[in-house]
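# Secondary and tertiary structure notes
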Amino acid sequence: MTATLVELTASIVSSHAAGTEMSSDDLIQEINKVYATLKKLETEGAIPEAGAAPGAPVMTIKKAFQNDQVCCLICGKTGFKTLTRHLKQAHGLKPGQYRKQFNIPASQSLTAKNYSEARRKAANENNLAANLEKARAARAAKKPAAPKAQKEKAAAKPKAPKVAKARAPKAKA
Ligand SMILES: [Zn+2]
């Protein structure tokens, strides 16, 4: 985080210095001032949890992953169906880096639960439809298959019990 602050300070001061005539003393003063202000903002500012570690999520993981939406732990943006694209576009992060940064368990999907379920369901339905279509096409192409009833009967044959009957009384002569 310190590196980020320094970088931020450098970019603020340099863009300021680009438009203003500044002596090196002015520059150093400005750097100190900007850095101190940023530091203060970082420690006292918008970070919700007191004593939160630098780079801590802006909300709890539990809050970030809801059934109908997921939220970004970096910028706090809400309402995503899935984070993958936002992470790449807004933060230049791969899902794996994001998980690592916030200790997100692999079991936690980066996609809203309802959304992934809807997608899975849709995929299943698509598969089902495709399979039905295939089956229908196959049936149409072939002659009627061998009588089904026989096959099913054979399959349904009860298996012989594995355990021998214990102490079955032998018929005495
Ligand atoms: Zn974000």
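Residues numbered from 1 in each chain as written. Predicted model: local features only at pLDDT ≥ 70, side-chain atom pairs only at ≥ 80, totals over all residues.

### Focus on the overall build of the protein chain
Looking only at helices and strands, the protein chain features 7 helices and 0 strands. Taken from N to C terminus, the helices and strands of the protein chain fall in the order α-α-α-α-α-α-α. Sorting the 173 residues of the protein chain into buried and exposed places 8% on the buried side. The contacts of the protein chain with a sequence gap of at least 6 include a subset with a gap of at least 24, amounting to 44%. (Helix = DSSP H or I, 4+ residues; strand = E, 2+ residues; numbered from the N terminus. Buried ≥ 20, exposed ≤ 12 C-beta atoms within 10 Å, placed from the backbone. Contact = placed C-beta atoms within 7 Å.)

### Thoughts on the nonpolar core
Formed by Ala64, Val70, Cys71, Cys72, Leu73, Leu83, Leu87, Tyr98 and Ala112, the largest nonpolar core amounts to 9 residues. Beyond its immediate chain neighbours, meaning those up to four positions away, leucine 83 contacts Val70, Cys72 and Leu110. (Core = buried A, V, L, I, M, F, W, Y, C linked by C-beta atoms within 7 Å.)

### Comments concerning unusual backbone geometry
Phi is positive for asparagine 103, which is not a glycine, with a value near 55°. Relative to the assigned elements, asparagine 103 resides in the loop between α5 (95–102) and α6 (113–141).

### Remarks on the confidence of the model for the protein chain
Of all residues in the protein chain, 74% attain a pLDDT of 70 or more, and the chain-wide mean is 81. Mean pLDDT in the protein chain bottoms out at helix α7 (residues 148–155), which sits at 55, and peaks at helix α4 (residues 84–91), which reaches 96. Overall, residues 47–52 carries pLDDT values under 50, and its contacts beyond four positions in sequence, including any with other chains, amount to 4 contacts. (pLDDT = per-residue confidence, 0-100.)

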